[in-house]
Amino acid sequence: MNLGPMEIGLIILAVLLLFGYKKLPDASRSMGRSMRIFKSEMKGMKDDDVRAKDEARTTPVTGQIVAPSPVPTAAVSDLEAEAAAAEARAVAARAAAERARTSAASADSAR
């Protein structure tokens, strides 16, 4: 698709009519800033990828598999007791919330 001088002139005229001559410099300035930021971010991402690939090639991974330590039975029973207490508190909180909802609903229906 070839754009001749007539088509380019019409595009420029349309842009001038849409945005006005006072806003065009600000719009082009902000577009230029946005493009610079975008280009620098893209360059930074490419640099990060190159650095990550280099580190992956040069850094050998060494490690050992460690078996998990067994949890003492006293700790398990303490955790179970804590869980039961938390469940009891949750049930009490749900019941209080339900009572508050029903009392608010009855107060609204009384009006």
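Coordinates for the structure precede this section.
To keep things clear, this report deals only with the structure shown in the data block. Since the model is a prediction, treat every value here as computed from it, not as a measurement.

Calculation rules
- Residue positions within a chain follow its written sequence, with the count starting from 1.
- Owing to the predicted nature of the model, reporting of local features is limited to residues with pLDDT of at least 70; listing and counting of side-chain atom pairs is limited to 80 or more, with chain, interface and lining totals taken over all residues.
- Only hydrogens and water are removed before side-chain values are computed, so all heavy atoms of the structure are retained for them.
- Numbering of helices and strands starts at the N terminus; helices are DSSP runs of H or I of at least 4 residues and strands are runs of E of at least 2.
- We call a residue buried when its accessible area falls under 20% of the maximum for its residue type, exposed when it is over 50%, and partly exposed in between, using a 1.4 Å probe and counting protein chains only.
- Accessibility throughout is a Shrake-Rupley quantity obtained with a 1.4 Å probe, and a residue counts as covered only by protein chains that appear here.
- Whenever a carboxyl oxygen of Asp or Glu lies within 4 Å of a side-chain nitrogen of Lys or Arg, that contact is scored as a salt bridge.
- Patch criteria: residues need more than 30% relative accessible area and no salt bridge. Like-charged residues are merged within 9 Å; nonpolar side chains of Val, Leu, Ile, Met, Phe, Trp and Tyr are merged within 5 Å.
- Expected helix span is given by 1.5 Å per residue-to-residue step, counting one fewer step than there are residues.

Here we come to the overall build of the chain. What the chain contains, in helices and strands, is three helices and zero strands. Ordered by position in the sequence, the α and β elements of the chain form the string α-α-α. Counting across all 111 residues of the chain, residues that qualify as buried make up 1%. In the form shown here, the chain has an accessible surface area of approximately 10,400 Å², with 64% of it arising from carbon and sulfur atoms.

Further remarks concern the pattern of salt bridges. For side chains of opposite charge, pairing can occur when their charged atoms come near one another. A complete count under the given rule lists two salt bridges for this structure. For the salt bridge of Asp 26 with Arg 29, the shortest nitrogen-to-oxygen distance reads 2.9 Å. With Asp 26 and Arg 29 both in helix 2 (residues 24-58), this residue pair falls three residues apart, about one helical turn. According to the relative accessible area criterion, Asp 26 is partly exposed, its value standing at 48%. According to the relative accessible area criterion, Arg 29 is partly exposed, its value standing at 42%. The partner of Glu 98 in a salt bridge is Arg 101, with the nearest N and O atoms 2.8 Å apart.

Moving on, we come to a nonpolar patch on the surface. On the surface, Leu 3, Ile 8, Ile 11, Ile 12, Val 15, Leu 16, Leu 18, Phe 19 and Tyr 21 cluster together into a nonpolar patch covering about 910 Å² of accessible area. Here Val 15 is to be found in helix 1 (residues 5-19). For Val 15, a relative accessible area of 31% gives the class partly exposed.

What sets the pattern is the α-helix's 3.6 residues per turn: residues three or four places apart point alike. Along its 15 residues, helix 1 runs 21 Å from first to last C-alpha, staying within 8% of the 21 Å computed at 1.5 Å per residue. In the segment just after helix 1, Gly 20 is the residue with positive phi, at about 85°.

Scope: geometric values only; no functional claims are made or implied.
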